[in-house]
Amino acid sequence: MRRGAALTGVATRRGARAQYAASGRGCRTMAAQAALLALCLLLAPLAQAAPRVGVATMLPGEIFFERFGHNAIVVDDPDLPGPVSYNFGFFDMEEPDFIARFVRGDMRYRLVALPLSQDLAYYREVGRGVSIQWLDLDPGQATALAAALAENARPENAVYRYDYFTDNCSTRVRDALDRALGGALRRQLSGRSRGNTFRDDAVRLASPAPWMWLGFDLGLGPAADRANSLWDDAFVPMRLADVLAGVRRDDGRPLVTATEQVLPHRLAPEPPEAPRRWWPWLLAGLALVAAIAVAGQRRPRALAGAAMLLWAACSVLGAAMLFLWLGTEHRFAWGNHNLLLFPPLCLLLLPGGWRLARGRVPGPVFRVLAWAVVACSVLALFLHLLPVFPQRNAHWIALMLPVHFALAWTLAQRPRATG
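In this report, we go over the structure that sits alongside the text. For every chain, the first residue of the written sequence is number 1, and numbering continues from 1 along that sequence. It should be noted that, the model being predicted, local features are given only for residues of pLDDT at least 70 and side-chain atom pairs only at 80 or more, the latter also being counted only at that level, while totals for whole chains, interfaces and linings use all residues. Side-chain numbers come from the whole structure's heavy atoms, not from hydrogens or water.

Now for the packing of helix α15 (residues 364-385) against helix α16 (residues 394-412). Remark: α15 packs on α16, axes separated minimally by 9 Å, with the N-to-C direction vectors making an angle of 160°. Of the possible angle classes, the one that applies to α15 and α16 is roughly antiparallel. For the pair α15 and α16, the crossing hand works out as left-handed. Residue-level contacts link F366, R367, A370, W371, V373, V374, S377, V378, A380, L381 and H384 of α15 to A394, I397, L401, H404, F405, A408, W409, L411 and A412 of α16. Its residues assigned to classes, the contact of α15 with α16 shows 16 nonpolar, 3 polar and 1 charged. Note on method: axes are straight lines fitted to C-alpha atoms, helices fitted across the in-contact stretch only, with angles between N-to-C directions ranging 0 to 180 degrees. Comment: elements are numbered from the N terminus, with helices defined as DSSP H or I runs of at least four residues and strands as E runs of at least two. Here the angle decides the label: under 35 degrees means roughly parallel, over 145 means roughly antiparallel, 65 to 115 means roughly perpendicular, and every other value means oblique. With the far helix as reference, a near helix turned anticlockwise by less than a right angle produces a left-handed crossing, and one turned clockwise produces a right-handed crossing. The contact criterion used is simple: two residues touch if any of their non-hydrogen atoms lie within 4.5 Å. Only Asp, Glu, Lys and Arg are considered charged, only Ala, Val, Leu, Ile, Met, Phe, Trp, Tyr, Cys and Pro nonpolar, and every remaining residue, Gly among them, polar.

Structural data, given as structure tokens:
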């Protein structure tokens, strides 16, 4: 995620604010400098002095793809001109089929080594805070890590297959540190949990952009609702920084020796963690039920028109969820229980809704379909109450189940016309 988010990794060009770092055009402007730097990095392990290693954490920005923050490994080698930032968040938007692969979930990202001063320039400009946690690594560990990163940054080794939650810029930083520590990081973090989930952090960090958090909340399936260990939490750069502050080496020494505030944060802080309540959504659903009851008595044709809009929206959303499940590799969207609350079956209700809007009888098939939609919502509630692998979508059930029931009861219970 070049100057972007741990989940998206899009970059913004300094000054013009175009996507330069993640694009082939931006990478080509740095080609000569990167080649020289790569040569220095490959020769650096031959030097005697061990480098200093740190983790740079960039706080969230205001653009949607910056909501999740970012991070990188900093190697300050005395034999190099200056500190080097190893950034796992680059991608090339000019690659063939980039958009198609993005939609399918087959994304390719790469590690790029660049001068830290160059990496920080954009964050300074837009006001995003940056801090570096300097690590207490043995000389051998620091040297081996620097050599491994330099080798990983070679063009033939730099590309990796990106996953939003399990293999992104932050997890790559975490994994590189864990290898340098001989697995000590994973041993300390895997058995501990704060009880939060991939969905919790994704929706929370996306919340300043309503369309973004709605997309995450509706589009994620039950796989995103398992309680994470602290190891899993590290898919968010800020959470990785939090856990590193408490990690200790095998001999009891703190892993982080000092935290340096490199750039001040001049933007709004990241959204705080807060419990998600389902009852306000139920109140909204009941309010809609009351409105449907009144409209059914006074303006049944208008109600039928409004119901058609809702059914059309449910059909589109349900079709998108079905496509993510059956047609892509976005595995955290598979088996989404929200498919039962926004079923593509609603598409078949549109002809009957059109007849109702014109004051005609919709027919018995319409009534069967309307109650089938209600049955889907009841099934979603049943799955939510099961103790095995539930999905945290109680708020959507509280909203949509009453609405589907009220529409079926009002528009489909009687065979007579609504004129």
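Centre distance within 6.5 Å is the pairing criterion for rings of Phe, Tyr and Trp, where only the six-membered ring of Trp is used; planes under 30 degrees apart are then read as stacked, over 60 as edge-to-face, and the remainder as tilted. Tallying each qualifying case throughout the model produces 20 aromatic pairs. Summarising the aromatic geometry, the rings of W281 and W396 are spaced 4.8 Å apart at their centres and angled 65° between planes, so their arrangement reads as edge-to-face. Here W281 is found in helix α12 (residues 279-298), whereas its partner W396 is found in helix α16, with 115 residues between them in sequence. Three exposure classes are used, based on accessible area relative to the maximum for each residue type with a 1.4 Å probe and protein chains only: buried under 20%, partly exposed in between, and exposed over 50%. With a relative accessible area of 6%, W396 lands in the buried category. Consider the rings of W371 and F405, whose centres lie 5.5 Å apart with planes at 75°: the pair is edge-to-face. With a gap of 34 residues between them, W371 in helix α15 and F405 in helix α16 connect regions that are remote in the sequence. Residue classification places W371 among the partly exposed residues on the basis of a relative accessible area of 31%. A cation over an aromatic ring shows up here: R174 above the ring of W231, its NZ or CZ 3.9 Å from the ring centre. For a Lys NZ or an Arg CZ to count as sitting over a ring, it must be within 6 Å of the ring centre and within 35 degrees of the ring normal.

Mapped onto the elements of the fold, D225 is located in the loop between α9 (210-219) and α10 (230-233). Residues in contact with D225, not counting those within four places in the same chain, are T197, R199, P390, Q391 and R392.

On to the sheet that holds strand β5 (residues 130-135). Pairing within the open sheet is antiparallel, and its 7 strands lie in the order β6-β4-β3-β2-β1-β5-β7. Of all the strands in the sheet, just β6 (159-162) and β7 (256-263) have a single pairing partner and so form its edges. The mean inter-strand angle of the sheet, taken between neighbouring strand axes irrespective of direction, is 25°. For strand β1 (residues 52-58) and strand β2 (residues 70-76), the ladder comprises 7 bridges, and the chain directions are antiparallel. When the bridges of β2 are listed, M58 appears paired with H70. Across the face of the sheet, helix α4 (residues 116-126) comes into contact with β1, β2, β3 (84-90), β4 (107-115), β5 and β7 while running at roughly 110° to β4. The sheet strands contacting helix α6 (residues 169-180) are β1, β2, β3, β5 and β6, and the helix crosses β2 at an angle near 35°. Only when DSSP finds a minimum of two bridges between them are two strands counted as paired.

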